[in-house]
Amino acid sequence: MRITFFATKSYDKDSFDQIKEEYPDLELEYWETELSPKTASYVKDSEAICAFVSSDVGTKTIEALKDRGVKLILMRCAGFNNVDLEAATRCGIQVMRVPGYSPEAVAEHAMALALAVNRKIHKAYIRVRENNFSLQGLTGANFYEKTAGIIGTGKIGAAMARICHGFGMKVIGYDQYPNPGLDFVEYVTLDELLGRSDLISLHCPLTEETHHLICSDTIAKMKQGVVLVNTSRGGLVKTEDLIAGIREHIFLGVGLDVYEEETQNVYENREDDILMHSTTARLLSFPNVIVTSHQAFLTEEALHAISRVTLDNAKAFLDGKKSGTELN
Ligand code: NAI
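Numbering of residues starts from 1 in every chain and runs along the sequence as written. Totals for whole chains, interfaces and linings use all residues, but because this is a predicted model, local features are given only for residues with pLDDT of at least 70 and pairs of side-chain atoms are given and counted only at 80 or more. As a rule here, side-chain values come from all non-hydrogen atoms in the structure, and water together with hydrogens is ignored.

## Regarding empty space enclosed by the protein
To find the voids left in a structure, one rolls a probe of water-molecule size over its atoms. Under the convention used in this document: Only protein atoms enter the 1 Å grid used here. Points where a 1.4 Å probe fits but cannot escape make up a cavity, open sets with protein on both sides within 12 Å along at least five of seven lines make up a pocket, and a residue lines them when an atom lies within 4 Å of a point. Grid points are joined across faces, edges and corners, and a volume is the space filled by probe spheres set on the points. Side-chain classes are defined by residue name, with Ala, Val, Leu, Ile, Met, Phe, Trp, Tyr, Cys and Pro counting as nonpolar, Asp, Glu, Lys and Arg as charged, and the others, Gly among them, as polar.
Under the defined criterion, the tally for this structure stands at 1 cavity of 30 Å³ or more. The computed volume of the largest cavity comes to approximately 50 Å³. Lining of the largest cavity is provided by Asn230, Gly234, Val237, Thr239, Leu242, Leu256, Val258, Tyr259, Glu260 and Leu283. Looking at the lining of the largest cavity residue by residue, the class counts come to 6 nonpolar, 3 polar and 1 charged.

## Some details on the sheet that holds strand β11 (residues 251-256)
Convention followed: Only when DSSP finds a minimum of two bridges between them are two strands counted as paired. Strands here mean DSSP runs of E at least two residues long; helices mean DSSP runs of H or I at least four residues long; both are numbered from the N terminus. Contact between two residues is taken to exist if any of their heavy atoms lie within 4.5 Å; hydrogens are not considered. Each axis is a line fitted through C-alpha atoms, taken for helices only over the stretch in contact, and angles between the N-to-C directions span 0 to 180 degrees.
In space, the 7 strands of this open sheet follow the order β8-β7-β6-β9-β10-β11-β12, with parallel pairing throughout. Each edge of the open sheet is held by one strand with a lone partner, namely β8 (186-187) and β12 (289-291). Relative to β11, strand β10 (residues 226-230) runs parallel, the two being bridged by 5 bridges. If you follow Val226 over to β11, its bridge partner there is Phe251. Against the sheet, helix α5 (residues 103-119) makes contact with β9 (199-202), β10, β11 and β12, and its axis sits at roughly 145° relative to β11, the strand it touches most.

## Focus: the state of the cysteines
This is how it is decided: Here, the term disulfide refers to a pair of cysteine sulfur atoms separated by no more than 2.5 Å. Note on classification: 1.4 Å probe, protein chains only; a residue is buried when its accessible area is under 20% of the maximum for its type, exposed when over 50%, partly exposed between these limits.
Enumeration according to the criterion identifies 0 disulfides in this entry. Not engaged in a disulfide, the cysteine Cys91 finds its nearest cysteine sulfur in Cys50; these two sulfurs lie 19 Å apart. Given the relative accessible area of 11%, Cys91 is considered buried.

What follows is the structure in structure tokens.
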């Protein structure tokens, strides 16, 4: 079975190439282009395609893939809010993903962002490089004995909760399904979490219910001087309201690995016009905000797990077996 990969980066190719010999029934074709309704129509002689979190796997793309004879969509990521599962089912296309390939990779990046904005590492780095050893304006706050609020205590949220616990923080959580493995976490209502937390880290998926979970109403309930971290999905935060909250000095710092405009590929397009007017660019203008480019998953261990599970998924599909990672 031939698999056409979309949005392939060199690190993807490297990690898939390392193990592809172990899957003699699979032929991998790497395309750098991103998946869209247009590029889907270029697929040829591939029963499967492999897409990523940034890909457009909406209705039109899926219909175009069906016309090209595609039977399997392999998401090489955990999140799937960009996939129209109903359309896939209607078109007879199986969708599979890689759930929880390395929750620690994402959680460690979340803590890295929290620490960096709190201890102003981004400012200190630039200052010292310019031979300025002044400490003025670099005062942070201890996380030790402070309260960490984890919204969504699944695989990544649990890993973040363990890290915060290890820092000596009091850990509180909000989730409709409390994680039985986290006996040190106190589950509270969302309002209580917002009001008590010194660090809030978002780890729930993007759904209709969680869209703009962080908005002016919820920001108004937060403690003054809170650190907010989002490594989950940009749509959880209403950017305009976040900007207003930053301007009102609610936040000690904000660390974002994901942001609403990601799907428009603002930075990859490098169109100055888009950049100038983008809310992401406005966020970047605040000294207490750090933005990274959806890199929380990017560790050797995670890439290895992603390539292994993706090819195992393809093989299971080919052999007519269930892998447990099917989404429809
Ligand atoms: P998971 O499915 O293990 O955990 C999600 C948790 O959120 C579950 O416990 C669920 O009950 C909870 N939840 C659902 N709706 C909620 C709501 N309305 N309020 C509070 N909690 C709610 O998922 P996992 O693996 O922990 O991933 C979480 C998210 O992290 C993914 O959905 C994805 O968006 C994001 N992610 C980001 C990556 C990055 O590189 N930045 C990489 C991988 C995932």
